[in-house]
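Residues per chain are reported as follows:
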Amino acid sequence: MKKHIAVQLPPEPVRGYGILIQPGGLASLPAIIRKRWPGRRVFVVTDTNVARLYARSLQRAFDDVGLDSALFEVPAGEASKSIDIYYALTGALLESGIKRNSLVVALGGGVVGDLAGFAASTVLRGVSFIQVPTSLLAQVDSSVGGKVGIDHEAGKNLIGAFHQPSFVLIDPEVLRTLPPVEFRNGLAEIVKIAAALDKRFFRFLEQNASRVTQTNTRLIAQVIHRAVALKAAVVEKDEREAGLRKSLNLGHTIGHALEASSGFSIKHGEAVSIGMVAESQLALAAGLLNPDEYNRLVRLLGRCGLPTQMPTGLDAKKFYRALAVDKKNTGVDPAFVLLRRIGASLIGVRIPAPMVQALVQ
Ligand SMILES: NC(=O)c1ccc[n+]([C@@H]2O[C@H](COP(=O)([O-])OP(=O)(O)OC[C@H]3O[C@@H](n4cnc5c(N)ncnc54)[C@H](O)[C@@H]3O)[C@@H](O)[C@H]2O)c1
Ligand SMILES: [Zn+2]
């Protein structure tokens, strides 16, 4: 005889969070935390570069407002999104007495945000965390939306969770110290957001590309605001990436394969830039995109100082193996997010494998 038991749970509590974009805002983080989360212990996770520039002074600022904080540094770079570093970090958090009501602060680029967010989502079955993104890429993309995770030998971001931050603080002033190549990486995600979702924003970028620099804080704050607002609106409609949110994976199917097959020597933003162009070539070949729109995309990426061509000497076997394991794919022919025109994309477009294989011989 079959017996069914239903587990009925109350609806989730109202969730949601604020995103503050404020030049110089980093200095006010301790006061914000003290006001909104009084008495919580703060566990700041950062990387070696950001520690040197910002984390130590931030820790002093926590002391000044009477908040108990501890600092955890991981080596800078994608290699820190590994199971080993994750294990060491969660071990250090536990050893330092992290509790369910503690706060994890991810202070750094997307690597720190993804890793610290994943540690926060799993340690003690989940503690709250705050994103304080310091790279342009993290400010416009990875810090908003709650995707956290680490890499696996089989591919990028294959182990992870959805764990929304409790608050995001974006301080565009810190971009002044970012290596220029990292700034360009962030521009790739901005172009992606505009190309996938908003032709007016794309036009704005075309008109202002040369003025969007690390030191033009006013303009970059405006650009960050637009990009984050677009991303937040998508996340609100489709948090778990059942449909619409997939449009933000424009350039990423090929981008991730490029990163993995180059042993991560190609940076994420560069890979996404090349990925957007290569995928748009597929869209052209499939008759989905017109050549004028394609040319606008290539031109804007080029003006942002981003690569637009497949690197030479790529290991084709590794590249196609990486494409096949891209976790967003569910069938045999790889599926792509393809540009229909600037500001509009199509998700889940299956392209016959031989057409894709023409990209890298
Ligand atoms: N979770 C998501 O939704 C999402 C979205 C996009 C990308 N990502 C992930 O983000 C990662 C890439 O992030 P990233 O490009 O920020 O890389 P990153 O975190 O490695 O940062 C880039 C470099 O800049 C340094 N840095 C950061 N801020 C600085 C500052 N203000 N001054 C000086 N140096 C600074 C870092 O130490 C690092 O060396 C990838 O792993 C990617 O998969 C995640
Ligand atoms: Zn990305």
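A quick note: this is a predicted structure, and the numbers were derived from the prediction, not measured.

Colleague: Whenever I open this one, the packing of aromatic side chains confuses me. Can you help?
Modeller: Two aromatic rings are characterised by how far apart their centres lie and by the angle between their planes. In this structure the tally under the stated criterion is four aromatic pairs. Considering the side-chain rings of Trp37 and Phe167, the 6.3 Å spacing of their centres and the 45 degrees angle between planes classify their relative orientation as tilted. Of this pair, Trp37 sits in the loop between α1 (29-36) and β2 (42-47) while Phe167 sits in strand β8 (residues 167-170), and the two are 130 residues apart along the sequence. For the residue pair Trp37 and Phe167, the accessibility class agrees, reading buried in each case. A centroid spacing of 5.0 Å and a plane angle of 75 degrees characterise the contact between Phe319 and Tyr320, whose relative ring orientation is edge-to-face. Seen from the ring of Phe167, Arg36 lies directly overhead, with NZ or CZ sitting 5.1 Å from the centre.

Colleague: Whenever I open this one, the site of ligand 1 confuses me. Can you help?
Modeller: The environment of ligand 1 is made up of 28 residues, and the closest members are Asp47, Glu78, Thr134, Ser135 and Thr177. Glu78 has a polar side-chain atom sitting 2.6 Å from an oxygen atom of ligand 1. Between ligand 1 and Ser135 there is a distance of 2.5 Å, counted from an oxygen atom to a side-chain nitrogen or oxygen. Taking 870 Å² as the accessible area of ligand 1 by itself, protein coverage stands at 91%. Residue assignment for the shell around ligand 1 shows that the elements contributing at least two residues are α2 (48-64), α4 (110-122), α5 (136-142), β7 (155-162) and α6 (180-197). Here the shell around ligand 1 gets four residues from one element, more than from any other, and that element is α2.

Colleague: It is not clear to me how the domain arrangement of the protein should be interpreted in this structure. Could you clarify?
Modeller: Accessible area lost when the parts come together is the quantity often used to give the size of an interface. In terms of domain boundaries, the protein breaks down into domain 1 (18-177) and domain 2 (180-357). Once you take the C-alpha centre of each, domain 1 and domain 2 turn out to be 26 Å apart. The interface is formed by 24 residues belonging to domain 1 together with 32 residues belonging to domain 2. With both chains or domains summed, domain 1 and domain 2 bury close to 2500 Å², and 67% of this area falls on carbon and sulfur atoms. When the buried surface of domain 1 facing domain 2 is broken down by residue, Leu136, Val140 and Lys156 rank first, second and third, together holding 24% of it. The partner of Glu241 in a salt bridge is Lys147, and the shortest N-O contact between them spans 2.5 Å. Applying the counting rule to domain 1 against domain 2 returns 10 residue pairs in polar contact (both at pLDDT 80 or more). Going through the elements one at a time, β1 (18-21), α5, β6 (147-152) and β7 are the ones with two or more residues in the side of domain 1 that touches domain 2. Per element, the largest residue contribution to the side of domain 1 that touches domain 2 is five residues, and it comes from α5. Here the residues of the side of domain 1 that touches domain 2 are counted per class, giving 13 nonpolar, four polar and seven charged.

Colleague: What should I look at first to understand the coordination of the zinc ion (ligand 2) in this one?
Modeller: Metal coordination angles in their ideal form are 109.5 degrees for the four-donor tetrahedron and 90 or 180 degrees for the six-donor octahedron. Those donors, Glu189 (OE), His252 (NE2) and His268 (NE2), are the protein atoms that reach the zinc ion (ligand 2), and they lie 1.9 to 2.1 Å from it. Read N to C, the donor residues that coordinate the zinc ion (ligand 2) are spaced as E-x62-H-x15-H. Taken together, the residues span a long stretch of sequence, with His252 in helix α9 (residues 252-261) and His268 in helix α10 (residues 268-285) at a distance of 16 residues. Looking at His268, the relative accessible area reads 18%, which means it is buried.

Colleague: I keep staring at the pairing of β6 and nothing clicks. Help me out?
Modeller: Looking along a regular strand, one sees the side chains alternate between the two faces of the sheet. Where β6 lies against β7, five bridges are found, and the strand directions are antiparallel. From the neighbouring strand, Ile150 faces β7, where its bridge partner is Ile159. If you look at the hairpin formed by β6 and β7, you'll find two residues sitting between the two strands.

Colleague: What's the story with the environment of Ile170 in this structure? I'm lost.
Modeller: With respect to the helices and strands, Ile170 occurs in strand β8. Overall, the relative accessible area of 0% leaves Ile170 in the buried class. Sequence-wise, Ile170 and Pro23 are 147 residues apart; in three dimensions their C-alpha atoms are separated by 7.8 Å. Residue contacts for Ile170: discarding those within four places in its chain leaves Ile19, Leu20, Ile21, Gln22, Pro133, Gln139, Ile224 and Val228.

The rules behind the values
- Residues numbered from 1 in each chain as written.
- Chains lettered and ligands numbered in written order.
- Predicted model: local features only at pLDDT ≥ 70, side-chain atom pairs only at ≥ 80, totals over all residues.
- Heavy atoms only, no water.
- Phe/Tyr/Trp six-rings, centres within 6.5 Å; stacked < 30°, edge-to-face > 60°.
- Helix = DSSP H or I, 4+ residues; strand = E, 2+ residues; numbered from the N terminus.
- Buried < 20%, exposed > 50% of the residue type's maximum accessible area, 1.4 Å probe, protein only.
- Lys NZ or Arg CZ within 6 Å of the ring centre and 35° of its normal.
- Near = heavy atom within 4 Å.
- Polar contact = N/O pair within 3.5 Å; in protein donor to acceptor, adjacent residues only side chain to side chain.
- Areas by Shrake-Rupley, 256 points an atom, 1.4 Å probe, with all protein chains shown as cover.
- Domains from an automatic or database assignment.
- Contact = heavy atoms within 4.5 Å.
- Buried area = accessible area lost by both parts, 1.4 Å probe.
- Salt bridge = Lys/Arg side-chain N within 4 Å of Asp/Glu carboxyl O.
- Nonpolar A, V, L, I, M, F, W, Y, C, P; charged D, E, K, R; others polar.
- Donors = N, O, S within 2.8 Å, 3.2 Å for Na, K, Ca; no water.
- Pairing = 2+ DSSP bridges.

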